Amino acid sequence: MEIKRSAEELEDNHVMQISGSNGIVHNMEFMSQAYLRNQYSSEIDIHEEFVSPYPHEDAPLPIFLKFEDVEYKVRNIQASLKTMVSKVVTHTNSDPDGYKHILKGITGSTGPGEILALMGPSGSGKTTLLKIMGGRLTDNVKGKLTYNDIPYSPSVKRRIGFVTQDDVLLPQLTVEETLAFAAFLRLPSNMSKEQKYAKVEMIVKELGLERCRHTRVGGGFVKGISGGERKRTSIAYEILVDPSLLLLDEPTSGLDSTSATKLLHILQGVAKAGRTVITTIHQPSSRMFHMFDKLLLISEGHPAYYGKAREAMEYFSSLRILPEIAMNPAEFLLDLATGQVSDISLPEELLATKTTQPDSENVIVKYLQLRYKTDLEPKEKEENHRNRKAPEHLQIAIQVKKDWTLSWWDQFMIIFRRTFRERRRDYFDMLRLVQSLGVAVVLGLLWWKSKTDTEAHLRDQVGLMFYICIFWTSSSLFGAVYVFPFEKIYLVKERKADMYRLSVYYVCSTLCDMVAHVLYPTFFMIIVYFMAGFSRTVPCFVFTVLTILLIAITSQGAGEFLGASVLSIKRAGMIASLVLMMFLLTGGYYVQHIPKFMQWLKYLSFMHYGFRLLLKVQYSADQVFDCASKGGCRTLQSSSSFDTVNLNGGLEELWVLLGMAFGYRLCTYFCLRKKISICHL
């Protein structure tokens, strides 16, 4: 059914329906018909109306992407050092900015129903351009990039699906679980569970994932589905929520020709449903090459060709550059982009340079770049950038920022289930259980029925309590320090897509991990406590276990903070080792009388407070011991083991540990927020 309304009517009604990637309903029901007409048209027709080929489905908001004179540079440390040396030695300024230029004036456009292929040799800047289009790179970018003639803004973010070259999927979840959790998080709350499951079922069938739906995704050291199935799962993960703009980085990488062609057929169907599809491709087969609507050939950061893919050979023929043998068009274009012209005929002006100049490859590349600037770029700018503007209703719709599809609590319930299901194999690992119970039994046997009747026996039991502190501090610290460095790529990907609130992810992560940090210490203490002969009263037992749990939870918070502050596996482990060593030395057992100028260290050590609280819970100041000595009975407070510890009280240590447990987690959240915002995949 065709619907026609004027811009005035749209403004008066304020009720237009545009279904976006998260299913939020906006004011619009218009779509361009550009992609239903000649799919090889070089112009972007944005004034026609659209009749959806799927009348029962909400069509995604059409996005017409234009990029003009896009440049990108990164700081080149080597170049900066050379420039500094050059300035000192010769007082010249050969590279004043110290940057390496990756993209150098890229221009083009594409719209719904089209597949734009970014092609070029490795290192030419394809992935960089794709990230800029997806809003993943914003610093040091010059040029004009618009979506329906509107610059990039947070409102565009949730309308973009980005499939990275390396499939970023949680390895322990099955294919169906991966898609189901994505559906529950990103599809609108007005859809029922049955409707969301039906959407997942439809995507699974469309992408041919039925056979592996109950298989773990895998990756790294986890066995899982094949590379082609993982790639299709990544695409399903993004198209599940109907993105208006789908970006794919080397989607055929690692696939055989048949699987790659099948994948491209899927992308054609995605585009025909009203989406704009842009993909980088290295060297497609002839069949795949002719499936692209538009092609952008990049050479050393410069454009060498932009236009219809099927007209690429005709364009180079007009320049009298032709293959001398039967050749895959993609192979021919890549050879030109690198200046490798064996088996390629050249015009006379280039033949001379090929035989006379040693750097003939650079000359050929520069020639192609120059011809693009004079022949193709002016036409593209004039036709698609100057004379064609997106309708006003599309410009308005693209600026409508979508609210979260779910409340904080609903997101929490979904992420908590997903996190627990992903990590449960680590929580209930048999090796981990054997380690905890085995150490507990060994300690119980070494301190079997220990007593406090003499100074030596008391010192032995205090040593056991400090070792328990060491064991659970190190276990919890190193169990938490690697969590965020390992999950960084998943977190960055999902946060870039605004999949959930960061606070939801962090609360779920720390609460799920507490399962292990509570379960294993409890079993450990039940064994050690009674074997080692600690005080046989219910309050002492309960408070001792609770103190150990508080130490473990505080250590977990410290580990999370250290991991989040660097987000590097290697550096996180090194920093955690140094911090743990410092906390051990200032814990109050090895050195009780610390010099005044170093005493500030012990106040940073949660082990110092945890050990003191453990002693206060287990021992009483007026409890007597050493009655068989010549001097008679003494109180425990008079023992040299408690010279620096007042066995009365304990609330101070309790509140400090609780404050540290909360403070570490608060710092972790802000560190994550800052680090993730500047990280790129």
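Residues numbered from 1 in each chain as written. Predicted model: local features only at pLDDT ≥ 70, side-chain atom pairs only at ≥ 80, totals over all residues. Heavy atoms only, no water.

Per an unreviewed UniProt entry, the recorded name for the chain is ABC transporter domain-containing protein, and the organism is Brassica cretica. Its UniProt record, at the heading Subcellular location (unreviewed entry), says of the chain: "Membrane". (UniProt positions renumbered as here; feature names shortened; annotations may be inferred.)

## Focus: the sheet that holds strand β8 (residues 276–281)
Each strand in a sheet pairs with its neighbour through backbone hydrogen bonds, running either in the same direction (parallel) or in the opposite one (antiparallel). Across the sheet, which stays open at both edges, the six strands sit in the order β6-β7-β8-β3-β9-β10 with mixed pairing between neighbours. A strand with exactly one partner marks an edge of an open sheet, and here the two such strands are β6 (160–163) and β10 (302–308). Across the sheet, the axes of successive neighbouring strands diverge by a mean angle of 15°, strand direction being ignored. Across four bridges, strand β3 (residues 115–119) lies against strand β9 (residues 294–299) in parallel orientation. Considered in β9, the bridge of Leu116 is made with Lys294. Packing against the sheet, helix α11 (residues 329–338) makes contact with β3 and β9, and its axis sits at approximately 30° to β9. (Pairing = 2+ DSSP bridges. Helix = DSSP H or I, 4+ residues; strand = E, 2+ residues; numbered from the N terminus. Axes fitted to C-alpha atoms, helices over the stretch in contact; angles between N-to-C directions. Contact = heavy atoms within 4.5 Å.)

## Focus: α11
The buried fraction of α11 amounts to seven of the ten residues, a majority that puts the element mostly inside the structure. Taken as a whole, α11 has its buried residues at Pro329, Ala330, Phe332, Leu333, Leu334, Leu336 and Ala337. Measuring from the backbone nitrogen of Ala330 back to the side-chain oxygen at the start of α11 gives 3.0 Å, which picks out Asn328 as the cap. Gly339 sits one or two positions beyond α11 and adopts a positive phi of about 80°. (Buried < 20%, exposed > 50% of the residue type's maximum accessible area, 1.4 Å probe, protein only. Polar contact = N/O pair within 3.5 Å; in protein donor to acceptor, adjacent residues only side chain to side chain.)

## Remarks on the pairing of β10
Most of β10 sits inside the fold, with seven of its seven residues counted as buried. Bridge count between β9 and β10: six bridges; the pairing is antiparallel. The residue bridging Ser299 from the neighbouring strand is His302, located in β10.

## Remarks on the sheet that holds strand β2 (residues 99–110)
Here we have four strands laid out as an open sheet, ordered β2-β1-β4-β5, and antiparallel in their pairing. Whereas interior strands pair on both sides, the edge strands pair on one side only; in this sheet they are β2 and β5 (150–151). Running at roughly 120° to strand β1 (residues 65–75), helix α3 (residues 126–133) makes contact with β1, β2 and β4 (141–147) of the sheet. Those strands touched by helix α13 (residues 360–386) are β1 and β2, and its axis lies near 55° from that of β2.

## A look at the nonpolar core
Phe316 and Ile321 are the most contacted members of the largest nonpolar core, which has 127 residues in total. The dominant element in this core, judged by the number of residues it contributes, is helix α5 (residues 175–186), at eight residues. Phe316 has contacts with Leu297, Ala304, Tyr305, Ile321, Phe332, Leu333, Leu336 and Leu368, leaving out every residue within four places of it along the chain. Core analysis: the next-biggest nonpolar cluster, separate from the first, contains 56 residues, Ile468, Leu614, Val617 and Leu636 among them. (Core = buried A, V, L, I, M, F, W, Y, C linked by side-chain atoms within 4.5 Å.)

## A closer look at helix α15 (residues 408–427)
Every α-helical turn comprises 3.6 residues, leaving residues that sit three or four positions apart pointing alike. Maximum bend of α15: about 35°, positioned at Arg421. Every buried residue of α15 is accounted for by Gln411, Phe412, Ile414, Ile415, Arg418, Thr419, Glu422, Arg423 and Tyr427. (Bend = angle between axes of the 7 residues up to and from the residue.)

## A few points about the pairing of β3
Counting buried positions over the five residues of β3 gives five, a clear majority of the element. Side chains Ile115, Ala117 and Met119 project from β3 onto one buried face, and the interleaved Leu116 and Leu118 project onto a second face that is buried too. Of the pairings in the sheet, the one linking β3 to β8 comprises five bridges and is parallel in character. Bridge pairing links Ile115 to Val277 in β8.

## A closer look at the pattern of salt bridges
Applying the stated criterion to the full structure yields 22 salt bridges. Across the pair Asp375 and Arg371 runs a salt bridge whose closest N-O atoms are separated by 3.0 Å. Of the two residues, Asp375 and Arg371 are both situated in helix α13; the distance of four residues between them amounts to about one turn of the helix. Counted as one network, the salt bridges with shared partners bring together Asp69, Lys373, Glu377 and Lys381. (Salt bridge = Lys/Arg side-chain N within 4 Å of Asp/Glu carboxyl O.)

## Quick word on the packing of helix α18 (residues 483–496) against helix α23 (residues 651–678)
A pair of packed helices is captured by two measures, namely the crossing angle of their axes and the spacing between those axes. Contact geometry of α18 with α23 gives a least axis separation of 10 Å together with a crossing angle of 65°. Our pair here, α18 against α23, has a crossing hand that is right-handed. Contacts between α18 and α23 pair Phe484, Leu491, Val492, Arg495 and Lys496 from the former with Thr668, Leu672, Ile676 and Ser677 from the latter. (Left-handed = near helix turned anticlockwise from the far one by under 90°.)

## Overview of the side chain of His302
By the secondary structure assignment, His302 is in strand β10. One polar contact links the side chain of His302 to the main-chain carbonyl oxygen of Lys104, over a distance of 3.4 Å. Other than its neighbours up to four places away in sequence, His302 contacts Lys104, Ile106, Leu297 and Gln369.

## Points about the packing of aromatic side chains
Taken as a whole, this structure holds 28 aromatic pairs when the rule is applied. Here the aromatic rings of Phe471 and Trp472 are separated by 4.9 Å at their centres, their planes lie at 85°, and the arrangement is edge-to-face. Trp472 gets classed as buried once you look at its relative accessible area, which sits at 5%. Here the aromatic rings of Tyr529 and Phe541 are separated by 5.1 Å at their centres, their planes lie at 75°, and the arrangement is edge-to-face. Here Tyr529 is found in helix α19 (residues 502–531), whereas its partner Phe541 is found in helix α20 (residues 538–566), with twelve residues between them in sequence. When the ring centre of Tyr99 is taken as origin, the NZ or CZ atom of Lys73, which lies over that ring, is 4.7 Å away. Positioned above the aromatic ring of Trp448 is the side chain of Lys449, whose terminal nitrogen or guanidinium carbon lies 5.4 Å from the ring centre. (Phe/Tyr/Trp six-rings, centres within 6.5 Å; stacked < 30°, edge-to-face > 60°. Lys NZ or Arg CZ within 6 Å of the ring centre and 35° of its normal.)

## A short note on the UniProt feature "transmembrane region" (unreviewed entry) in the chain
When the UniProt feature table is mapped onto this chain numbering, "transmembrane region" (unreviewed entry) sits at residues 427–448, 464–484, 504–530, 536–553, 574–591 and 654–672. With 95% helix and 0% strand, residues 464–484 has its two end C-alpha atoms placed 32 Å apart. Within the segment residues 654–672, helix and strand shares are 100% and 0% respectively, and the terminal C-alpha atoms sit 27 Å apart.

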